[in-house]
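One-letter residues, chain by chain:
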Amino acid sequence: MTVHAYENGYRTLGRQTLLLPIEWTPDGWFRVPPSTRTAAPLPMPVPNAHQQPALDPSDSFKSPDLGLQWAFWHEFDPARITTGKGAPTLLAKGDSLANTAALTTPVGGHAYTIEVDVEVTPGCASGLLLFYSPEHATGILLDDEGIGVRLANGYVPSRKNKGATRATLRVVNDRQENDFYYRLPGQQWQKAEESSEIAGMNHNVLGGFLDDRPAVIATGHGQATFRSFRYWPEVKAPS
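Residues numbered from 1 in each chain as written. Predicted model: local features only at pLDDT ≥ 70, side-chain atom pairs only at ≥ 80, totals over all residues. Heavy atoms only, no water.

S.K.: What's the story with the layout of surface pockets in this structure? I'm lost.
M.R.: Any empty space left between atoms is shown by rolling a water-sized probe over those atoms. If you add up the space inside the largest pocket, you get close to 1200 Å³. What lines the largest pocket is a set of 32 residues, among which Gln16, Thr17, Leu18, Leu19 and Gln51 lie closest to the centre. Where the lining of the largest pocket is concerned, the elements lending two or more residues are β1 (2-5) and β2 (16-19). Take the lining of the largest pocket: its biggest share by element is four residues, from β2. Partitioned by chemical class, the residues of the lining of the largest pocket number 21 nonpolar, seven polar and four charged. The volume enclosed by the second largest pocket comes to roughly 240 Å³. Those elements that provide at least two residues to the lining of the second largest pocket are β10 (124-133), β11 (136-143) and β16 (213-220). When the residues that make up the lining of the second largest pocket are grouped by side-chain class, the tally is seven nonpolar, six polar and five charged. (1 Å grid on protein atoms, 1.4 Å probe; cavity = no way out; pocket = protein on both sides within 12 Å on 5 of 7 lines; lining within 4 Å. Points joined across faces, edges and corners; volume = space filled by probe spheres on them. Helix = DSSP H or I, 4+ residues; strand = E, 2+ residues; numbered from the N terminus. Nonpolar A, V, L, I, M, F, W, Y, C, P; charged D, E, K, R; others polar.)

S.K.: I would appreciate a short explanation of the sheet that holds β11 in the present structure.
M.R.: As a general point, the strands of a sheet are linked pairwise by backbone hydrogen bonds and lie either parallel or antiparallel. If you trace the six strands from one edge of the open sheet to the other, you get β5-β8-β16-β10-β11-β12, paired in antiparallel fashion. Strands at the two margins of the open sheet, each flanked by one partner only, are β5 (71-72) and β12 (146-150). Inspection of the sheet shows β11 paired to β12 by five bridges, in the antiparallel sense. Bridging from a neighbouring strand, Asp143 pairs with Gly146 of β12. (Pairing = 2+ DSSP bridges.)

S.K.: What is the right way to read unusual backbone geometry from this model?
M.R.: Residues apart from glycine generally show negative phi values, whereas peptide bonds are mostly found in trans. Notably, Lys85 is not glycine yet its phi reads approximately 60°, a positive angle. Locating Lys85 in the fold gives a position in the loop between β6 (81-82) and β7 (89-91). The phi torsion at Gln176 lies on the positive side, around 80°, for a residue other than glycine. Here Gln176 falls in the buried class, since its relative accessible area comes to 8%. (Buried < 20%, exposed > 50% of the residue type's maximum accessible area, 1.4 Å probe, protein only.)

S.K.: Would you mind showing me how to read the packing of aromatic side chains here?
M.R.: Geometry of an aromatic ring pair is reported as the spacing of the ring centres plus the angle between the planes. Evaluation of the coordinates by the stated rule reveals five aromatic pairs. Ring centres of Trp70 and Phe229 lie 5.0 Å apart, and the angle between their planes is 75°; on these two criteria the pair is classed as edge-to-face. With Trp70 in the loop between β4 (30-31) and β5 and Phe229 in strand β17 (residues 223-232), this pair connects stretches of sequence that are 159 residues apart. Where Tyr112 meets Tyr231, the ring centres are 5.7 Å apart and the plane angle is 35°; that geometry is what we call tilted. You can see Tyr112 sitting in strand β9 (residues 111-120) and its partner Tyr231 sitting in strand β17, a full 119 residues away along the chain. (Phe/Tyr/Trp six-rings, centres within 6.5 Å; stacked < 30°, edge-to-face > 60°.)

S.K.: Looking at this structure, how should I read the pattern of salt bridges?
M.R.: It is possible for side chains bearing opposite charge to pair when their charged atoms get close. Going through the model one piece at a time under the given rule, you end up with 12 salt bridges. A salt bridge links Arg227 to Glu119; the nearest nitrogen and oxygen atoms lie 3.1 Å apart. In this pair, Arg227 is assigned in strand β17 and Glu119 in strand β9, connecting sequence segments 108 residues apart. Note that Asp143 is salt-bridged to Arg159, the shortest N-O span being 3.0 Å. Here Asp143 is found in strand β11, whereas its partner Arg159 is found in the loop between β12 and β13 (166-174), with 16 residues between them in sequence. In this structure Asp143 comes out as buried when scored by relative accessible area, which is 12%. Taking the relative accessible area as the measure of exposure, Arg159 reaches 33% and is therefore partly exposed. When salt bridges with common partners are traced through the structure, they connect Asp117, Glu119, Arg166 and Arg227 into a single cluster. (Salt bridge = Lys/Arg side-chain N within 4 Å of Asp/Glu carboxyl O.)

Without other data, these values stay purely geometric and don't point to any function.
Okay, structure coming up:
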């Protein structure tokens, strides 16, 4: 029997489809066996079967086509992106998250780390986000004003490295508490002053039946180039 449910304490992962065993009663109806306890792991329905690992969304961007792990938010606009050769470019659109389409990929971990190398042309704003909706996303940005952290309500408290056009950006999501790091070419990793907490970025608070997804963006003018999107299913602060 299929049911929809949210994981207790991790509604940010979105509504999930679950399977429950059933048995047939003598009068021809079905029921969940009374011995089933949904708070505990259930045995695999097929003997000796194993659960498949979650998809690794890491991408070297060498394929001539956009990987199946990626999807534009609420639109499909392939004319905006040029793929292949390890450095796809995303044409800027709109002037904020409200009128652009983020490029997102779903993940299902409680704690994970994402990273991407971003390069922007003048007038383009880009970044690496945890995206729930155009109104609610948090992450680390790179634009003409430099590098800064976007909190979930859209506020960017501070900026550094004005004039930088390329940086490696990293988001470390430790059970819904996030730290942000960046590295300019040829330099050491730096930790942003700001952190964010995303437990409230879920359907019960915001509506929409959505989940929090890693995403890259390009707004304003010009374009953003991305290299080597990496995902680790663990907390991985730069050493």
